[in-house]
Amino acid sequence: MSRFWNRRVRDLHPYIPGEQPKVADLLKLNTNESPYGPSPKVVDAIRDAASDDLRLYPDPTAAVLRDTIAARFGTTADRVFVGNGSDEVLAHAFRALFHDDAPVLFSDVTYGFYPVYCGLFEQPFHHIPLNDGFAIDIDAYTGDCGGIIVANPNANTGIALPLEHIETLLKRHPDRTVIIDEAYVDFGAQSAIELTHRYDNLLVVQTLSKSYALAGLRVGFAIGSPELIEGLIRVKDSFNSYPLSRPAQAGSIAAIQDTDWLADITARVIASRDRLVPELQNLGFQVLPSCANFVLVHHPAHKAGAIATALRERAILVRHLSTPRIQDWLRISIGTDEACIRLTDALRDILSPRS
């Protein structure tokens, strides 16, 4: 503790990001990064943007990028907001759109930043337990609330909600903002973006970090009604008017326009996931059904922490989370087929009986 910290900082419990160690021959399956690189068109666009124009501020409205996103998703630019990664977009949404006269609702197993934002912004919140199958229990999201946020597919479980369940939430809470965080939607779930034209209380947030293979570029966006977007802009312009650099805007435009590249690399990840799941099950793991670029697994005969440590000794990182409900589970990012084979070979060695 420092005497210079104010009360808000003293009481914070910051989000803990996944490790990024510098280890030779390391296989990183802990942070849900893409095993494939971004579109070559993205790299070319970023290179072209690294010009003498860097002496000038970027467009604070990111108008061309917002037009590109709007065209891609069949909406209009006044319904699009962009920020420095979906984490920043979500932070602005918590600040702008949730009401502190009642708790924000989100599940007990979900993205770890949600309670952190609540602590930072002094926003009350309430955890809604997942059901016995680790799926979101829509029937439990009732009563007064300051807003609702749902990761779909759910962070850390990978389980997706059908659109009719999301629509139930929107109808049940017409005067509160419902945020659907779609960081992993391109790996097998159905986006709720189409519902934004029918429900003015819906904000859909996506990122270029996962399916677009651009975690290092830090770009996210939101789509919703113009009044929701205006609220986000008001917070953004009270915090940082220029969140996206010129190279970031140029690279994002190229990424969103290259739909063929997106389809190819997401299909490859999905195929690898579908091959990995039965291999893990054959090793005795329980594997939750995933529509994300990761799987959540549990072995009834071995502690998750011990498995994670043994994998680390073999230069393979997976995520062992401390959330009480899943503290004996491991989250494993989907790598290339070669990476998946290396993982299962290591697990087979770790789990094999010793004489």
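Below you will find a few notes about this structure. Computed from a predicted model, the values in this text were never measured in an experiment. (Residues numbered from 1 in each chain as written. Predicted model: local features only at pLDDT ≥ 70, side-chain atom pairs only at ≥ 80, totals over all residues. Heavy atoms only, no water.)

### Examining the sheet that holds strand β9 (residues 286–287)
- If you trace the five strands from one edge of the open sheet to the other, you get β1-β11-β12-β10-β9, paired in mixed fashion. In this open sheet, the two strands that pair with only one neighbour each are β1 (27–29) and β9.
- Inspection of the sheet shows strand β10 (residues 294–298) paired to strand β12 (residues 330–333) by four bridges, in the antiparallel sense. By the bridge assignment for β12, Phe294 is matched with Ser333.
- Running at roughly 5° to β10, helix α9 (residues 259–282) makes contact with β9 and β10 of the sheet. (Pairing = 2+ DSSP bridges. Helix = DSSP H or I, 4+ residues; strand = E, 2+ residues; numbered from the N terminus. Contact = heavy atoms within 4.5 Å. Axes fitted to C-alpha atoms, helices over the stretch in contact; angles between N-to-C directions.)

### Brief notes about the sheet that holds strand β4 (residues 125–128)
- On the basis of which strands lie adjacent, the open sheet formed by seven strands has the order β2-β8-β7-β6-β5-β3-β4 and mixed pairing. In the strand order of this sheet, the two ends are held by β2 (80–83) and β4, each with one partner. The sheet shows a mean angle of 20° between the axes of neighbouring strands, taken without regard to direction.
- Sheet analysis places strand β5 (residues 147–151) next to strand β6 (residues 178–181), joined by four bridges and oriented parallel.

### Points about the packing of helix α10 (residues 304–313) against helix α11 (residues 337–351)
- Two numbers describe how α10 lies on α11: the axes approach to 10 Å, and their chain directions differ by 120°. The pairing of α10 with α11 is recorded here as oblique in orientation. In this structure, α10 crosses over α11, and the sense of that crossing is right-handed. Across the interface between the two elements, Ile307, Ala310 and Leu311 of α10 pack against Leu343, Ala346, Leu347, Ile350 and Leu351 of α11.
- Residues of the contact of α10 with α11, tallied by class, amount to eight nonpolar, no polar and no charged. (Parallel < 35°, antiparallel > 145°, perpendicular 65-115°, else oblique. Left-handed = near helix turned anticlockwise from the far one by under 90°. Nonpolar A, V, L, I, M, F, W, Y, C, P; charged D, E, K, R; others polar.)

### Examining the packing of α9 against α11
- As a packed pair, α9 and α11 sit with axes 10 Å apart at the nearest point and diverge in direction by 10°. What the angle tells us is that α9 and α11 run roughly parallel. Only Asp337, Cys340, Leu343, Thr344, Leu347 and Arg348 of α11 make contact with α9, whose side of the interface consists of Ser272, Arg275, Leu276, Glu279 and Leu280.

### Points about the pattern of salt bridges
- What the rule picks out here adds up to 17 salt bridges.
- For the salt bridge of Glu33 with Lys28, the shortest nitrogen-to-oxygen distance reads 2.7 Å.
- Where salt bridges share partners, they join Asp101, Asp144 and Arg176 into one cluster. (Salt bridge = Lys/Arg side-chain N within 4 Å of Asp/Glu carboxyl O.)

### Considerations on helix α6 (residues 163–172)
- When we look at burial in α6, the residues that qualify are Leu163, Ile166, Glu167, Leu169 and Leu170. Looking straight down α6, one finds its buried side chains confined to an arc of 155°; they lie on one side. Every exposed residue of α6 that faces more than 90 degrees away from the buried side is listed here: Glu164 and Lys171.
- Against β5, β6 and β7 (202–207) lie the buried residues of α6. (Buried < 20%, exposed > 50% of the residue type's maximum accessible area, 1.4 Å probe, protein only. Arc of directions from axis to C-beta.)

### Here's the deal with the side chain of Ser225
- You can see Ser225 is positioned in the loop between β8 (220–224) and α7 (226–236).
- Residues within four places of Ser225 in sequence aside, it is in contact with Arg79, Asp200 and Leu202.

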